[in-house]
Amino acid sequence: MMNSTWVKNAISEINADYQRSADTHLIRLSLPAFPGIQLYLKDESTHPTGSLKHRLARSLFLYGLCNGWIQEGTTIIESSSGSTAVSEAYFARLLGLPFIAVMPACTAKRKIEQIEFYGGRCHFVESACEIYAASEKLARELNGHYMDQFTYAERATDWRGNNNIADSIFRQMSHEPNPVPSWVVMSAGTGGTSATIGRYIRCQGYNTQLLVVDPENSVFLDYWQHRDASLRGSVGSKIEGIGRPRVEPSFIPDVVDDMLRVPDAASVATAQWLETQLGRKVGASTGTNMWGALQLAAQMRAEGKSGSIVTLLCDSGERYLDTYYNAQWVANNIGDIAPWRREIEQLIAQ
Ligand SMILES: *Cc1c(COP(=O)(O)O)cnc(C)c1O
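Residues numbered from 1 in each chain as written. Predicted model: local features only at pLDDT ≥ 70, side-chain atom pairs only at ≥ 80, totals over all residues. Heavy atoms only, no water.

**Student:** I'd love a proper account of the domain arrangement of the protein chain, names of residues and values included.
**Tutor:** Considered domain by domain, the protein chain is made up of domain 1 (5-51 + 164-349) and domain 2 (54-153). Put simply, the middle of domain 1 and the middle of domain 2, counted by C-alpha atoms, are 23 Å apart. Each partner contributes to the interface: domain 1 provides 40 residues, whereas domain 2 provides 37 residues. With both sides pooled, the region where domain 1 packs onto domain 2 buries about 3,100 Å², and carbon together with sulfur makes up 58% of that total. The largest per-residue losses of area from domain 1 upon contact with domain 2 belong to Trp 6, Ile 14 and Arg 319, which jointly make up 23% of the total buried on that side. Summed over the shared surface of domain 1 and domain 2, the number is 4 salt bridges. Arg 55 is paired through a salt bridge with Glu 44; the nearest N and O atoms lie 2.6 Å apart. Our count for the contact surface shared by domain 1 and domain 2 stands at 17 residue pairs in polar contact (both at pLDDT 80 or more). Per element, the largest residue contribution to the side of domain 1 that touches domain 2 is 9 residues, and it comes from helix α1 (residues 4-19). (Domains from an automatic or database assignment. Contact = heavy atoms within 4.5 Å. Buried area = accessible area lost by both parts, 1.4 Å probe. Salt bridge = Lys/Arg side-chain N within 4 Å of Asp/Glu carboxyl O. Polar contact = N/O pair within 3.5 Å; in protein donor to acceptor, adjacent residues only side chain to side chain. Helix = DSSP H or I, 4+ residues; strand = E, 2+ residues; numbered from the N terminus.)

**Student:** Can you explain the packing of helix α10 (residues 264-278) against helix α13 (residues 338-347)? Please cite residues and give values.
**Tutor:** The contact between α10 and α13 brings their axes to 8 Å, and the two run at 55 degrees. Of the possible angle classes, the one that applies to α10 and α13 is oblique. Between α10 and α13 lies a crossing whose hand is right-handed. The residues of α13 that touch α10, namely those facing Ala 265, Ala 266, Ala 269, Thr 270, Gln 272, Trp 273 and Thr 276, are Trp 340, Arg 341, Ile 344 and Glu 345. Of the residues in the contact of α10 with α13, the class split is 6 nonpolar, 3 polar and 2 charged. (Axes fitted to C-alpha atoms, helices over the stretch in contact; angles between N-to-C directions. Parallel < 35°, antiparallel > 145°, perpendicular 65-115°, else oblique. Left-handed = near helix turned anticlockwise from the far one by under 90°. Nonpolar A, V, L, I, M, F, W, Y, C, P; charged D, E, K, R; others polar.)

**Student:** Describe the site of the ligand, with residues and values.
**Tutor:** Around the ligand sit 17 residues, and of these Lys 53, Gly 189, Thr 190, Thr 193 and Ser 285 come closest. Between the ligand and Gly 189 there is a distance of 2.7 Å, counted from an oxygen atom to a backbone nitrogen or oxygen. The separation between an oxygen atom of the ligand and a polar side-chain atom of Thr 193 is 2.5 Å. Relative to its free-state accessible area of 380 Å², the ligand is covered by the protein chains to the extent of 97%. Elements with a contribution of two residues or more to the shell around the ligand: β7 (183-187) and α8 (192-204). (Near = heavy atom within 4 Å. Areas by Shrake-Rupley, 256 points an atom, 1.4 Å probe, with all protein chains shown as cover.)

**Student:** An account of the packing of α10 against helix α11 (residues 284-302) is needed here, citing residue identities and associated values.
**Tutor:** The geometry of α10 relative to α11 is characterised by a closest axis approach of 7 Å and an angle of 95 degrees between their N-to-C directions. Considering the angle they form, α10 stands roughly perpendicular to α11. From α10, Ala 266, Ser 267, Thr 270, Ala 271, Trp 273 and Leu 274 reach across to α11, where they touch Ala 284, Thr 286, Gly 287, Thr 288, Met 290, Trp 291 and Leu 294.

**Student:** Quick one: what's the story with α8, residue by residue and with numbers?
**Tutor:** Between the first and last C-alpha of α8 there are 18 Å, a value that for 13 residues agrees with the 18 Å anticipated at 1.5 Å per step. Those residues of α8 that fall on the buried side of the exposure criterion are Gly 192, Ser 194, Ala 195, Thr 196, Ile 197, Gly 198, Arg 199, Tyr 200 and Ile 201. For α8, the elements touching its buried residues are α6 (149-156), α7 (165-172), β7, β8 (209-214) and β10 (307-313). Following α8 by one or two positions, Gly 205 has its phi on the positive side, about 75 degrees. (Expected span 1.5 Å × (residues − 1). Buried < 20%, exposed > 50% of the residue type's maximum accessible area, 1.4 Å probe, protein only.)

**Student:** Please set out the sheet that holds β10 residue by residue, giving values where relevant.
**Tutor:** One open sheet accounts for 6 strands, arranged β1-β2-β10-β7-β8-β9; its pairing is mixed. In this open sheet, the two strands that pair with only one neighbour each are β1 (26-29) and β9 (258-261). In this sheet, adjacent strand axes meet at a mean angle of 25 degrees when their direction is disregarded. The sheet contact formed by strand β2 (residues 37-43) and β10 spans 7 bridges and is parallel. In the strand pairing of β10, Asp 43 is matched with Leu 313. On top of the sheet, α7 reaches β1, β2 and β10; it is set at about 135 degrees to β2, its chief contact. Where α10 meets the sheet, it contacts β1, β2 and β10, and its direction lies at approximately 90 degrees from that of β1. (Pairing = 2+ DSSP bridges.)

**Student:** Go over the UniProt feature "domain: Tryptophan synthase beta chain-like PALP" (unreviewed entry) in the protein chain, please, and point to the residues and values.
**Tutor:** Within this numbering scheme, the UniProt entry marks residues 23-315 as carrying the feature "domain: Tryptophan synthase beta chain-like PALP" (unreviewed entry). Secondary structure content for residues 23-315 is 40% helix and 17% strand, while the C-alpha to C-alpha distance between its ends is 15 Å. (UniProt positions renumbered as here; feature names shortened; annotations may be inferred.)

This is how it looks when you write it as structure tokens:
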């Protein structure tokens, strides 16, 4: 029999935490090279745990509590490339639950420190492909609950509205010159955010298209084109947070209007370039997103169209000082980013 008093209190703890929280900013970029075209970044780096995964972690805990999967003392286990684990460790601590993150050994050091800061433990595996089986095994052995963001992200979030990220974006756009964006651009890790945005757009009847950008070593784009759900990659994505070696159940291809492959070097070059626009560093997946947004802006400009494009600032670059912001690491792991930087400079030259 479930201890319903504990569950009730746990749910009200999360709701109280939500009540104490503020919404994230929508930043407008100023790019004179694109007259009549506005670009916006929804800044998810300002959540208490530093990324858009704060929203997901809250939803996954509520989903697990309301389903009776999480009870007093339940050990929470998650497979993650880091961001989700940081946010879940925060909520596990809020509820006094033990938390274990199963992550690839190459995960950013800063994220590992943050998981441990919130009292979580890290369990490392060789490669991104091994996190799922290792998580299931741990959950069995410890009689814990495997949160499984890759399966539940799309359904734990209320896509109809209820102040989800899409609802927030469209409300914040309401006083802009082109309040209904021509495009929203997002990358996919779980695919949960693109699913929420895509469904919301349809549900509200907006004339907005959704572009999903995909890094190298990810199967999402091939899956979107050919719908072969058995696709597997052997190498993990180098852009932390996005690109998966298998087709994740939370990636919903039919709500995506278009997809674009973004070279890893272009993602890193764009992330670094964004610092010149924002005055602060962003993570590499934000570079992937912005690369896609810049391509759309250039296309709209060439076609003489005006309109707005919204994309996401997923997390801060402070987490990646020893990787994407370390020239030696970039040269060894990503390659020469200078040609991509020149391409961006050309795109935004007036
Ligand atoms: C998870 C994540 C994404 C992708 O979001 P999903 O909703 O999981 O598809 C992008 N960037 C970062 C840094 C992430 O952690």
